[in-house]
There are 2 protein chains.
Amino acid sequence: MDKEDVLYQHGTLALLVPGLFSGTLPVGELLKHGDYGIGSVEALDGELIVVDGKPYLAKSTGDVLEVSDDELVPFANVHYDRPTDKYDRENISQSDLEKEILANHDYHNLFFAVKITGTFKKMQTRAFIGQRPYPTLAQLADNQRTFEADNIDGTVVGYFTPELYQGIGSAGFHVHFLSDNHKFGGHILGFELAKGTVTLQTFTDLDLHLPTHDSTFRRHEFDYDGMDSAIRGAEG
Amino acid sequence: MDKEDVLYQHGTLALLVPGLFSGTLPVGELLKHGDYGIGSVEALDGELIVVDGKPYLAKSTGDVLEVSDDELVPFANVHYDRPTDKYDRENISQSDLEKEILANHDYHNLFFAVKITGTFKKMQTRAFIGQRPYPTLAQLADNQRTFEADNIDGTVVGYFTPELYQGIGSAGFHVHFLSDNHKFGGHILGFELAKGTVTLQTFTDLDLHLPTHDSTFRRHEFDYDGMDSAIRGAEG
């Protein structure tokens, strides 16, 4: 097993649903497990994206900031970039591209990364607004900020999680964006790709790292009813 | 992260439900990730238990065999033994002991190992009978052999999987047994502990290793409805 075969995950998505938004791993530790990835920070106050080893946070103010190594994350995925598939693609929407990926590859039971670099005719993103005390994930999603850019160059980074793992991750595709000028980004709600390069990377191993020293997590009684719809509503 | 912090798992329990029983990892590879564990072999033809680095198979004939390194497993868990808790216990049933463990420790959201060495007043086990073509897990469970022993010395090895991970593992406790004389064993249906030492070991990381090169697994369309009850019926 090479390090590029592993998708590293800190936290389990289930803990975000009831509002366990405390950061439990420093970004500096997270980056020991990959150079590309996505996630969030304490209070879910923005959308994290790691590109070429550097972490950025797209905030609900519209700003994109570099993230320091001691910033704490409650949930994130990272991997070391080594694509298993690479091809160019033009003039396609996010939803058509995702359908095409699943139709052209027998990857629907695997964890895999998606990266797209290129020019986007349209890019729609959102960022959560951190609140205290922490609301539920659904309440946070009701109050998010959305952004739109036209004809923008940048990078899409994210993952496909098979249906079985809903609650551990967000089943289906989950992707974030960072513009090449590092001024625009967030959790992607939709895009139209003008022209770009798509890479996919399948993983043999999911390394699921849990915040076992966090007593709030350890003691929480999770309510699994309604978790699926809460995740689809907030992360879909 | 030390190697003792990792629970290694080959395969995902969901693949056993519809009958994907082909072995996809040699035991020799499995044993590079731990010295204690449980699992099954190709066709689910017996119950695997790893004690002190050695793999044994409890067969439906009642025999217990040593397993060679090239035997293939479809599903197994192993870890390196380094207990986080250790205590002596007398005169308690399996179900009371498991309730006591969860009541005395805030481990219900964690993956942890359970090991019990001692004398059992009663030990009830089962072993599946391999069939070809492969039936479903529920069909296999309908046709299992059960065994019972009184006043037997041996080792219980197994794991607790939090509810969220049902389908990846078997939610709750899942334990196998091997007698000290290596002549009796299997998947545990129940026991009465006379006197023994209980150890627990929590894990920060689940390393979920999938059979990504197996085309049957890659292409399978899993039916998630009914999976929970099928797993509880066969593995509970």
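Details of the structure are given in the entry above.
Q: Whenever I open this one, the overall build of chain A confuses me. Can you help?
A: Helix and strand content of chain A: 5 helices and 14 strands. Here the C-alpha atoms of chain A give a radius of gyration of 16 Å, agreeing with the 18 Å that 2.2 N^0.38 yields for 236 residues. Summarising its shape, the C-alpha atoms of chain A cover approximately 50 × 40 × 35 Å along the three principal directions. Across chain A, contacts joining residues at least 24 apart in sequence account for 76% of those joining residues at least 6 apart. For chain A, the computed accessible surface area is about 9300 Å², with 44% contributed by carbon and sulfur atoms. Taken together, the 19 basic and 37 acidic charged side chains of chain A have centroids lying 3 Å from each other.

Q: Help me understand the side chain of Gln201(A) in this model?
A: All names here are of chain A. The topology assignment puts Gln 201 in strand E13 (residues 185-203). At a separation of 3.1 Å, a polar atom in the side chain of Gln 201 contacts the main-chain carbonyl oxygen of Glu 4. What Gln 201 contacts, discounting residues up to four positions off in sequence, is Glu 4, His 79, Tyr 80, Asp 81, Arg 82, Pro 83, Thr 84, Phe 111, Phe 112 and Ala 113.

Q: Would you explain the side chain of Ser170(B) in this entry?
A: Locating Ser170(B) in the fold gives a position in the loop between strand E11 (145-161) and strand E12 (172-179). If we ignore the near neighbours within four places in the chain, the residues touching Ser170(B) are Leu13(B), Thr161(B), Ile231(B) and Glu235(B).

Q: Looking at this model, I keep getting lost on the pattern of salt bridges. Mind explaining?
A: Residue and element names in this part refer to chain A. Throughout the structure, instances matching the rule amount to 32 salt bridges over all chains. Its salt-bridge partner being Arg 82, residue Asp 2 comes within 3.2 Å of it at the nearest N-O pair. With Asp 2 in the segment before strand E1 (6-10) and Arg 82 in the loop between strand E8 (76-79) and strand E9 (85-93), the pair connects residues that are 80 residues apart, well separated along the chain. Residue class for Asp 2 comes out partly exposed when judged on its relative accessible area of 40%. Classification of Arg 82 by relative accessible area gives partly exposed; the value is 36%. Between Arg 82 and Asp 5 there is a salt bridge whose closest N-O contact spans 3.3 Å. Taken together, the residues span a long stretch of sequence, with Arg 82 in the loop between E8 and E9 and Asp 5 in the segment before E1 at a distance of 77 residues. Judged by its relative accessible area of 17%, Asp 5 is buried. One network of salt bridges, with partners in common, ties together Asp 2, Glu 4, Asp 5 and Arg 82.

Q: Got a minute to help me understand helix H2 (residues 94-104) of chain A in this structure?
A: Because an α-helix packs 3.6 residues into every turn, residues spaced three or four apart end up facing the same way. Residue and element names in this part refer to chain A. Looking only at H2, the buried set comprises Gln 94, Leu 97, Glu 98 and Ile 101. Take H2 and look down its axis: the buried residues cluster within an arc of 100°, on one side only. Facing away from the buried surface of H2 by more than 90 degrees, the exposed residues are Lys 99, Ala 103 and Asn 104. Summarising the contacts, the buried residues of H2 are in contact with E9, strand E10 (111-127), strand E12 (172-179) and E13.

Cut-offs and rules
- In this convention, every chain numbers its residues from 1, walking through the sequence in written order.
- Chain letters start at A and ligand numbers start at 1, both assigned in the order the entries are written.
- In keeping with the model being predicted, local features are shown solely for residues with a pLDDT of at least 70 and side-chain atom pairs are shown and tallied solely at 80 or more, while totals for entire chains, interfaces and linings include all residues.
- Water and hydrogen atoms play no part in the side-chain values, which are based on all heavy atoms of the structure.
- Only DSSP runs of H or I covering at least 4 residues are called helices, and only runs of E covering at least 2 are called strands; the numbering of each starts at the N terminus.
- Throughout, radius of gyration means the C-alpha value; the globule benchmark is 2.2 Å times the number of residues raised to the power 0.38.
- A contact between two residues is defined here by any heavy atoms of the two lying within 4.5 Å.
- Each accessible area is a Shrake-Rupley result for a 1.4 Å probe, and residues are judged covered by the shown protein chains and nothing else.
- For this count, His and the chain ends are skipped, Lys and Arg are scored as positive, and Asp and Glu as negative.
- We put the charge of a Lys on NZ, of an Arg on CZ, of an Asp on CG and of a Glu on CD.
- Side-chain atoms alone can form a polar contact between residues adjacent in sequence; in general such a contact is a pair of N or O atoms within 3.5 Å, and within protein one must be able to donate a hydrogen while the other accepts it.
- By salt bridge we mean one thing: a side-chain nitrogen of Lys or Arg within 4 Å of a carboxyl oxygen of Asp or Glu.
- Relative accessibility thresholds used throughout: buried, under 20% of the residue-type maximum; exposed, over 50%; partly exposed, between the two (1.4 Å probe, protein chains only).
- Read the arc as the range of directions from the helix axis to the C-beta atoms.

Just distances and angles here, no functional claims.
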